[in-house]
Amino acid sequence: MTQPEAINSGVQLSDAEKREIANLQALGRDLATQLYVCLKTASFYDPRNDNFKKQISKFLDLLHVATDHESHLSITDVDGYLFLNDQRLKIKLDGYLAAKYLQSQFENLGVAGMEFSVKTELEELEKAFSQVVRSDLKVRNAENLNDYFRGLEIKNIKFIPSLTIDDCRDDDDDESERTSAKKTFFQALSVVQQVMGGFAQQKKRNTNFFKAKRAIHGIIDEIIKNESYMLELTVLRNYDQYTYKHSVNVSVFAVALGIRLGLSKARLAELGFAALFHDFGKTRIPIDLLNKPESFNALDWSKMHEHPIYGAKALAQAFPMDSHTARAMLVAFEHHKNIDGTGYPYINRARPMNLFSRIVSMCDYFDAVTSGRVYSKKPMPLDQVIMQMIKQAKVKFDPYLLKVLINIIGIYPVGSLLLLDTGELALVVANNMNDIFRPDVRILADTRGKKEQTPVVQLTEYDRENEKYVRNVVHLVDPEKYGIDISEYILES
Amino acid sequence: MQTDTKVIEEQAEREIYEGLSDFLNVFSKGIKTSLIYPPDNPIPREFKKSCWNKLHQHIQEFGLIEFEVHASSFMLNGETIHESRTREGNLPHVLHRDGIRRLMFKETITQIEWEQFFDDILTVMRAGEDYEDLVNLFWQRDFGSIDYDVVEDFSLAEIEDGFSAPEQQEVEYSEIILSESQVETKNALDALLDGSEKELAGLSEDDDFLGIFRNIQEFGPSEKAYLEDLMAADGELIIEFESIELLLDILLSEDELGNFDESLLTLDNMFDKMLDSEQFPLLVYLIQGMKKCYAELQKKSGPRADKFKDSLARVGDRIRISRITNLLNSSEWQDFDGIRLYLEELEWKSMPSLIWMLGELNNFPARKMVIEALINKGRDRIEIIGNAIHDSRWYVVRNAVLILGEIGDNKGLSYMRKALEHFDERVRWEAVVAVEKLASKSDLKILIPYLKDESERIRHKVIEMFSQNRYDPAFEAIQEIVKSSQFNGMGFEEQKNLLKALAFTGGDNALPVLKKIVKKRSFFSARASQKKKEAAVLAISLIETEDAWKLIEEAANKKKGPLANLAQLILDKKGRVAADRNTEGD
């Protein structure tokens, strides 16, 4: 392969050179994706399985193309970026899952990445991939893993030491990412407050418009970096301005969904923006009604039903006319419409429901019912919410998009309280995108109800000896029932 | 020795500063110059390239570039490396006002990234701070080798204070675990997902759509195809058009008049914003939508249609036309096609505004565009264009005359009488040209007085028109001029044309005058006299009657000379033979 320094070092490039870089980038992405497919397949199948062999063979072919002029090829994770040898791979959104998976695998193994020699053979790959995905693999860090591989006679595949092998350093990085996510989330909250709060006063509209766009860009960057930290923040309750918090939450869910769909960065920004201001029309609803502790009567509902139309109009007045505003107008108008054309508001001409409106209406419903503010005054248990949404998929939501959303929030969404078959009580802190039934949890109490100070554990942890998972979910526990406020745990962490 | 090293280090540092300063000066100059030209002009492209060469050269020599951004300067280690004193094209200011405080170009920067960076700065400077934000543009670019720090005016503490700490009661985990351990383990969601117990999930056996959720973690080919189609369909939408349609749909559905008024106001507001940001394709779409909407409203009773009509009329009122005028005057490279389409969409009621606009525009392509719009719109509203004849500005009158001429409707002739009397020669000239297009032969009489116009080109044009039309009512007037002493003072071309016109308009009636010119002896300015005679012979040949040919033959039979030769040439050309080539004339 051509040396990446030469490719990117600021030389004026000819069209042929530009094409070569694009081809190399594409090849690198293919290779990373195929590595992901091999590892995923290895986690499901026995090494003798034909499908597994087929995927490995495909990987080997790509490896041979990529190592055309090189003796080795490495795939590494440096500060959240994937590198093929020394060249940073520009991961497109459709390769996002693969990249995230590889990064999480490398992190679990305590390595920066893997290096493949041009002499690598099929059998070596079979053995190596099967070992890498073993959940009971106790060996960690590059040095130990390389020793281990030598013992298995895998000579042409090596692990690259991580620059951040120090556990304390990892914690610091996590902490820094968590703080960054929190800052971004709160910043978005601040912007929504300024924009929606300031709308009535007609203040600095264009400035607010730019700020709102920046807030969304921040949300997108954070979700691409670490989806869990942003989703975790949506669980925070008790914010004194519910509508604003809800708006940011919906935006986070919508952007996460857009990323999974593979939307371009520009469209993600529009989606996030539209989601952030989907309730813009509520700036006209009296605050007493929005905060009414009792259930709404018919008159209250009639007033509430006006907010989509007012929202569309208010957005047209509030912001410069561009694709962001246009998207936001459509979403504000349609977010209470149903997939079958029912819902509100009603206008004379039937309009097909826009993609972004479909996404936002689901995220809006999910956040509203889990927070227990509008549809019911008490938060609905999370499993009930998902079930309700599935049951309404034929009428209210796009079932395929709903399936994507469930894969993001998980069967046990972040903030869920779980009873485990070990008798432990655990709090879901992150969805596991590879197995949504087995999220990452923080143990809150052991079998005897004693409060534990445990780190995060993965429910995918497998006991090879007894051929079973170490922990299984028994069922969800309704925190409301026991007066537990999950926010406390989130803010504590 | 130590001192030597220090000197070398200082010198190297100085070189870096100077190199960087040099690059930034070229960059700043490049931006300022590029602002003058349209985006597709080669000059900005050249500047971009020369800036890139400087940047690349510096990076090759000294490595990455990093500096601080201040309100009107760039600084490196406390030293100013570039300063902008003028407000126009102030590069540090543009970056600083959007919160950028540090800028870094890494060694891996490519020419493409540089050009995108350059273009973004130009875009912001062109649009002004109200319409673009540099940080947002940079984010969309996703630069790999350009880094920047941005300050935000936001306080984390303020937001954190918004979260009220709940009264958390002491949680007895043991009780929860004990209580929950007794709950039935199989829950409804599990049942729903594994499909084992639909009833438990509250669904009937007919709910087949649940199949989508059964294998919740996998997406089959048809599911993927559905999602891809959904996104592809969305990608094809022109979302701004959708939002316009939505607003019009809302407006048509408003039952309460108050809400209708509010929607109309929103529409006006949206319109103005599009105009401010020069989004003419959207404006055209909006106007077209408004027209359809108005047609719908007219079918309903009540004041809605009238209110809407006013709103529709405002799209071409003086205020909005004045904004477009300012826009067109501000630069010569505006979106002419977009504005042209906008003007075409306007109703006839906006014609007075457009005529006003004609008087305000200061560049020809813009005026031409408005004239074309008025030609299209004015066909059924001649009187509105005609009224512009009374405008005090000569150039407005001239353009109105031109438009009337292009429309070509005979009704426009009545306005020409006034225009022909205009003090300004350019207006009269345009009026003569317009009359030619508008008038029937019988109407040409209004031009007779202009045979004596003070302007030679007008006189010439009128004479030519009479000739071409063989307009005999003009004969007397032409003959009078030819007979007058003023004729002799005219230039040869005009004399020739007058004689030609005399022949065409008078036929045989013109012969006595022409004959007199041919036979007249002249002792002074023989050469001029000779040329006049030749012109008269030529004029006689145009009459083509026997009497006329007889006169030509007489001229040909005179003693050899230029006049006889010319006459003979004419006869030869016509295949006629002179009776007696050598016979002396009278």
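Definitions and limits used
- Residues numbered from 1 in each chain as written.
- Chains lettered and ligands numbered in written order.
- Predicted model: local features only at pLDDT ≥ 70, side-chain atom pairs only at ≥ 80, totals over all residues.
- Heavy atoms only, no water.
- Helix = DSSP H or I, 4+ residues; strand = E, 2+ residues; numbered from the N terminus.
- Buried < 20%, exposed > 50% of the residue type's maximum accessible area, 1.4 Å probe, protein only.
- Contact = heavy atoms within 4.5 Å.
- Areas by Shrake-Rupley, 256 points an atom, 1.4 Å probe, with all protein chains shown as cover.
- Lys, Arg positive; Asp, Glu negative; His and termini not counted.
- Salt bridge = Lys/Arg side-chain N within 4 Å of Asp/Glu carboxyl O.
- pLDDT = per-residue confidence, 0-100.
- Arc of directions from axis to C-beta.
- Pairing = 2+ DSSP bridges.
- 1 Å grid on protein atoms, 1.4 Å probe; cavity = no way out; pocket = protein on both sides within 12 Å on 5 of 7 lines; lining within 4 Å.
- Points joined across faces, edges and corners; volume = space filled by probe spheres on them.
- Nonpolar A, V, L, I, M, F, W, Y, C, P; charged D, E, K, R; others polar.
- Domains from an automatic or database assignment.
- Buried area = accessible area lost by both parts, 1.4 Å probe.
- Polar contact = N/O pair within 3.5 Å; in protein donor to acceptor, adjacent residues only side chain to side chain.

Regarding its fold elements, chain A presents 19 helices and twelve strands. The buried share of chain A, reckoned over its 493 residues, is 60%. Put simply, of all contacts in chain A between residues at least 6 apart along the chain, 66% involve residues at least 24 apart. Entry remark: accessible area of chain A is about 19800 Å², with carbon and sulfur atoms responsible for 49%.

Time to look at the side chain of Arg438 of chain A. Residues and elements named next belong to chain A. With respect to the helices and strands, the residue Arg438 is situated in the loop between strand E7 (425–430) and strand E8 (440–445). In this structure, Arg438 is buried with no salt-bridge partner, the nearest side chain bearing the opposite charge being Asp435 at 4.2 Å. Ignoring anything within four residues of it in the chain, the contact list for Arg438 reads Asn432, Leu459, Thr460, Tyr469, Arg471 and Asn472.

Should the pLDDT be low somewhere, the predicted coordinates at that spot are not to be read in detail. Residues and elements named next belong to chain B. Residues with a pLDDT of 70 or more make up 88% of chain B, whose mean pLDDT is 85. Ignoring residues within four places in sequence, the model shows residues 581–586, a span with pLDDT below 50, making 15 contacts including any to other chains. Among the prediction metrics, the complex's ipTM stands at 0.79, with pTM recorded as 0.77.

Right, let's get into helix H27 (residues 511–519) of chain B. Residue and element names in this part refer to chain B. Burial in H27 covers these residues: Leu511, Val513, Leu514, Ile517 and Val518. When H27 is viewed along its axis, its buried side chains cluster within an angular range of 165° and face the same direction. Away from its buried face, by an angle of more than 90 degrees, H27 presents the exposed residues Pro512 and Lys516. Contacts made by the buried residues of H27 are with helix H24 (475–483), helix H26 (492–506), helix H28 (526–543), helix H29 (546–557) and helix H30 (562–574).

This part is about the sheet that holds strand E2 (residues 81–84) of chain A. The strands that make up a sheet are held in pairs by hydrogen bonds between backbone atoms, and each pair lies either parallel or antiparallel. Residues and elements named next belong to chain A. The antiparallel open sheet is built from five strands, whose spatial order is E3-E2-E1-E4-E5. Each of the sheet's edge strands pairs with one partner strand only, and the pair in question is strand E3 (87–88) and strand E5 (157–161). Bridge analysis of strand E1 (residues 72–78) against strand E4 (residues 111–117) gives five bridges, and the strand direction is antiparallel. Across the sheet, the residue bridging to Thr76 is Gly113, located in E4.

Moving on to empty space enclosed by the protein. Residues and elements named next belong to chain B. Per the stated rule, a full pass over the model turns up four cavities of 30 Å³ or more. Space inside the largest cavity adds up to approximately 80 Å³. Lining the largest cavity are Lys515, Val518, Lys519, Val537, Ile540, Leu551, Ile552, Glu554, Ala555 and Lys558. Elements that contribute at least two residues to the lining of the largest cavity include exactly H27, H28 and H29. A breakdown of the residues in the lining of the largest cavity according to their chemical character gives six nonpolar, no polar and four charged.

Moving on: the domain arrangement of chain A. Residue and element names in this part refer to chain A. Along its sequence, chain A is carved into domain 1 (15–161), domain 2 (172–408) and domain 3 (416–492). Tallying the contact residues gives four residues for domain 1 and twelve residues for domain 2. For the domain 1 and domain 2 pair, buried surface summed over both sides reaches about 550 Å², with 62% attributable to carbon and sulfur atoms. Our count for the contact surface shared by domain 1 and domain 2 stands at zero salt bridges. Applying the counting rule to domain 1 against domain 2 returns zero residue pairs in polar contact (both at pLDDT 80 or more). The residue makeup of the side of domain 1 that touches domain 2, split by class, is three nonpolar, no polar and one charged.

A few words on the pairing of E8 of chain A. Residues and elements named next belong to chain A. Of all six residues that make up E8, five are buried, and the element is covered over most of its length. Sheet topology places E7 next to E8; five bridges connect them, and they run antiparallel. Bridge pairing in E8 links Val428 to Val441. Of the pairings in the sheet, the one linking E8 to strand E9 (residues 456–458) comprises three bridges and is antiparallel in character. Bridged to Asp440 within E9 is Gln458.

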